[in-house]
Amino acid sequence: MENYSFDVVIVGGGPAGLSCGIKLAEKGVNTLLIEKGRFCGSKNLFGGVIYTSSVKEIVPEFPEVNPLPVERAVAEEGYIFFSKRGVVKLLHTKANPKEAFTALRAKFDAWLSEYALKKGLLIVPKTKVIDLKINHSQVTGVIVDRPQSFDNPKPAEIEAKIVILAEGVNRLLAERAGLVQGPFKPEEVVLAVKEVIQLPKEELEKRFGVKENKGLAAELIGEITLGLPGTGFLYTNQNSLSFGIGIFLSTLVDLNLKPYEILERAKAHSYLQELFKGGEILEYGAHLIPEWGIEGLPRLYGKGIMVVGDAAGLVNPLFREGTNLAIYSGLMAAETALEALEKGDFSEKTLKGYEERFRESYIYKDLLLFKNLKVFLLKNKHLFDTYPEMIYEIFTLYFSAQGRYKKEIMKEILGIIRKKRGIWGVLKDIISWGRLFW
Ligand SMILES: Cc1cc2nc3c(=O)[nH]c(=O)nc-3n(C[C@H](O)[C@H](O)[C@H](O)COP(=O)(O)OP(=O)(O)OC[C@H]3O[C@@H](n4cnc5c(N)ncnc54)[C@H](O)[C@@H]3O)c2cc1C
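Residues numbered from 1 in each chain as written. Predicted model: local features only at pLDDT ≥ 70, side-chain atom pairs only at ≥ 80, totals over all residues. Heavy atoms only, no water.

What counts is decided by this rule: UniProt positions are given in the numbering used here, feature names are shortened, and annotations may be inferred rather than shown by experiment.
Identification of the chain as FAD-dependent oxidoreductase from Caldimicrobium thiodismutans is taken from an unreviewed UniProt entry. Of the comments in the UniProt record for the chain, the one headed Sequence similarities (unreviewed entry) reads "Belongs to the ETF-QO/FixC family."

Here you go:
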């Protein structure tokens, strides 16, 4: 690889990097996106659900595109509470299923990168950015794991007026740029493990009661994570299921638990055994989810550099937002880069515009609103063990009340609540849950 020079170099071809690259390429900016995977999406793993409104920001014709890079429109969505003995479902059917789609990243990101190429973005896959070029604290480019040329094995250097870090949760380059102080702590990330389980399409549609490219997206709470702070997920694809669990890394470390073992135990739950019967595992993978929130938010810009998406920790686990926040932040960084290029000023003074845009956005406001979420989830273990069990017991009693005096049933239900959490305990939990939102 010869030495090159670009206006903007983007590190990482996930939704954050690609959306940023598409916007810049559309404006004719000389932009290079470097992706370490074989192709965009090849290394990426998520649940997952993609949100139409965010994709439309970069591909206005979505979802009226051919081929469709997503799996099924999310027609049914909600929570499934797992007790040891069974489940209680809280699912709602959506009036407009096309608001969100289940997706597999290898397909979705690859499609988005094809779209980006058509817009004129230069994408170099199979190349890892190993360092930043920094001159008097101004970032001036990147260094990659490719030789400079056939006869010069030294790593190639690529000049850039602006470098945009869309490197995902591991954020090593953001650290190198001094935008974050040290690596994240185990209590700041969730470790998710996921399997894609193949089933014949007709069988899948029969088992889940879905049809016509419509599907289910469910978050799983309770026994699925052995009652530990975390959740599971179950999404229907065309002819496969995306199933996984995510648990705070600190909990796994403290209890010396292996996530794959928890996943295996979860799959042995009678409810899932029925759904997965005969399924073949197509893929298995693990990935971290950044949940450091506002407290761990890095500095979003420096001299000649900005950081977007997961690398900045822009996820909202409560509302399953990640890809959309990656896209929005990529677009905000692109707008700022355009402004900087127009002014010919790549100093912090102009790149600060990215942080200003970010602070105006709902992403920042949400991070601020949920500033106590991580601590709340880690401290309130009742949410993951007591309540799912309690809900199941209450429903069991309620729906087997035939032939009995109902006042007795209500007394028994009250008895369950008293025994498991106590009336004051429940009230306290409702108040602290409410406080999260206000
Ligand atoms: C289990 C799980 C379930 C999730 N479910 C959902 C969901 O349902 N809906 C949702 O919206 N979000 C979900 N998310 C979150 C979502 O996946 C992320 O928020 C989103 O992918 C972030 O996009 P990104 O572009 O910032 O980072 P990534 O998607 O992680 O992309 C980063 C890219 O950078 C590349 N890269 C990294 N370092 C280098 C380097 N040095 N040189 C070159 N390339 C590099 C990587 O290969 C990768 O392609 C989920 C995440 C997980 C782990």
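### Description of empty space enclosed by the protein
In plain terms, the rule: Only protein atoms enter the 1 Å grid used here. Points where a 1.4 Å probe fits but cannot escape make up a cavity, open sets with protein on both sides within 12 Å along at least five of seven lines make up a pocket, and a residue lines them when an atom lies within 4 Å of a point. Grid points are joined across faces, edges and corners, and a volume is the space filled by probe spheres set on the points. Elements are defined by DSSP. Helices are runs of H or I of four residues or more, strands are runs of E of two residues or more, and each kind is numbered from the N terminus. Under the convention adopted here, Pro, Cys and the residues Ala, Val, Leu, Ile, Met, Phe, Trp and Tyr are nonpolar, Asp, Glu, Lys and Arg are charged, and Gly plus all remaining residues are polar.
A complete count under the given rule lists one cavity of 30 Å³ or more for this structure. Of the pockets and cavities examined, the largest cavity occupies roughly 200 Å³. Considering the residues around the largest cavity, the lining is formed by 21 residues, among which Glu-291, Gly-293, Pro-317, Phe-370 and Leu-373 are closest to the centre. For the lining of the largest cavity, the secondary structure elements donating two or more residues are helix H11 (362-369) and helix H12 (373-379). Of the residues belonging to the lining of the largest cavity, the class tally is 12 nonpolar, three polar and six charged.

### Details of the pattern of salt bridges
Filter applied, for reference: Only one rule defines a salt bridge in this text: a Lys or Arg side-chain nitrogen within 4 Å of an Asp or Glu carboxyl oxygen. With a 1.4 Å probe rolled over the protein chains alone, any residue whose accessible area is under 20% of its type maximum counts as buried; one over 50% counts as exposed, and the rest are partly exposed.
Taken as a whole and judged by the stated rule, the model has 33 salt bridges. Between Lys-107 and Glu-71 there is a salt bridge; the shortest N-O distance is 2.8 Å. Here Glu-71 lies in the loop between helix H2 (52-58) and strand S4 (73-82) and Lys-107 lies in helix H3 (residues 105-118), a separation of 36 residues in the sequence. For Lys-94, the salt bridge goes to Glu-77, with nearest N and O atoms at 3.0 Å. In this pair, Lys-94 is assigned in the loop between strand S5 (87-93) and strand S6 (100-102) and Glu-77 in strand S4, connecting sequence segments 17 residues apart. For the pair Lys-94 and Glu-77, one class covers both residues: buried.

### Looking at the pairing of strand S9 (residues 138-149)
The test is simple: For two strands to pair, DSSP has to find at least two bridges joining them.
Of the strand pairs in this sheet, strand S8 (residues 129-135) and S9 are connected by six bridges, and their pairing is antiparallel. When the sheet's bridge partners are listed, Lys-133 is paired in S9 with Gly-141. Hairpin remark: S8 followed by S9, antiparallel, with two residues in the connecting loop; positive phi at His-136, about 50°. By the bridge criterion, five bridges tie S9 to strand S10 (residues 152-165) in an arrangement that is antiparallel. Each residue of the ladder has a partner; that of Ser-149, found in S10, is Asn-152. If you look at the hairpin formed by S9 and S10, you'll find two residues sitting between the two strands.

### A short note on the site of the ligand
Basically, it comes down to this: Definition of nearness: a residue and a molecule or strand are near each other if at least one heavy atom of the residue lies within 4 Å of the molecule or strand. Here a polar contact means two N or O atoms within 3.5 Å. Within protein one must be a hydrogen donor candidate and the other an acceptor candidate, and residues neighboring in sequence count only if both atoms are side-chain atoms. In short, Shrake-Rupley with a 1.4 Å probe defines the accessible areas, and a residue's cover is counted only from the protein chains shown.
Around the ligand, a shell composed of 37 residues is seen, among which Glu-35, Val-49, Arg-105, Asp-310 and Thr-323 lie nearest. Separating an oxygen atom of the ligand from a side-chain N or O atom of Asn-44 is a distance of 3.1 Å. A distance of 3.4 Å separates an oxygen atom of the ligand from a polar atom in the backbone of Ala-166. Isolated, the ligand exposes 1,000 Å² of accessible area, and the fraction of that covered by the protein chains is 94%. Of all the elements in the fold, those that place two or more residues in the shell around the ligand are helix H1 (15-26), strand S3 (49-51), strand S15 (280-290) and helix H9 (323-343). If one sorts the elements of the shell around the ligand by residue count, S15 sits on top with three residues. The residue makeup of the shell around the ligand, split by class, is 17 nonpolar, 12 polar and eight charged.

### Side note on the layout of surface pockets
The volume enclosed by the second largest pocket comes to roughly 200 Å³. Together, 14 residues line the second largest pocket, and Gly-41, Asn-44, Leu-45, Ala-106 and Glu-283 are the ones closest to its centre. Taken together, the elements giving at least two residues each to the lining of the second largest pocket come down to H3, strand S11 (189-198) and S15. If you tally residues by element for the lining of the second largest pocket, the top one is S15, at three residues.

### Let's talk about the environment of Gly-222
Quick note on the threshold: By definition, residues are in contact when any of their heavy atoms lie within 4.5 Å.
The topology assignment puts Gly-222 in strand S12 (residues 214-222). With relative accessibility at 0%, the residue Gly-222 sits in the buried group. For the pair Gly-222 and Phe-82, spaced 140 residues apart in the sequence, the C-alpha separation amounts to 4.9 Å. Look past the residues within four positions of Gly-222 in its chain and what remains in contact with it is Phe-82, Gly-227, Phe-384 and Pro-388.

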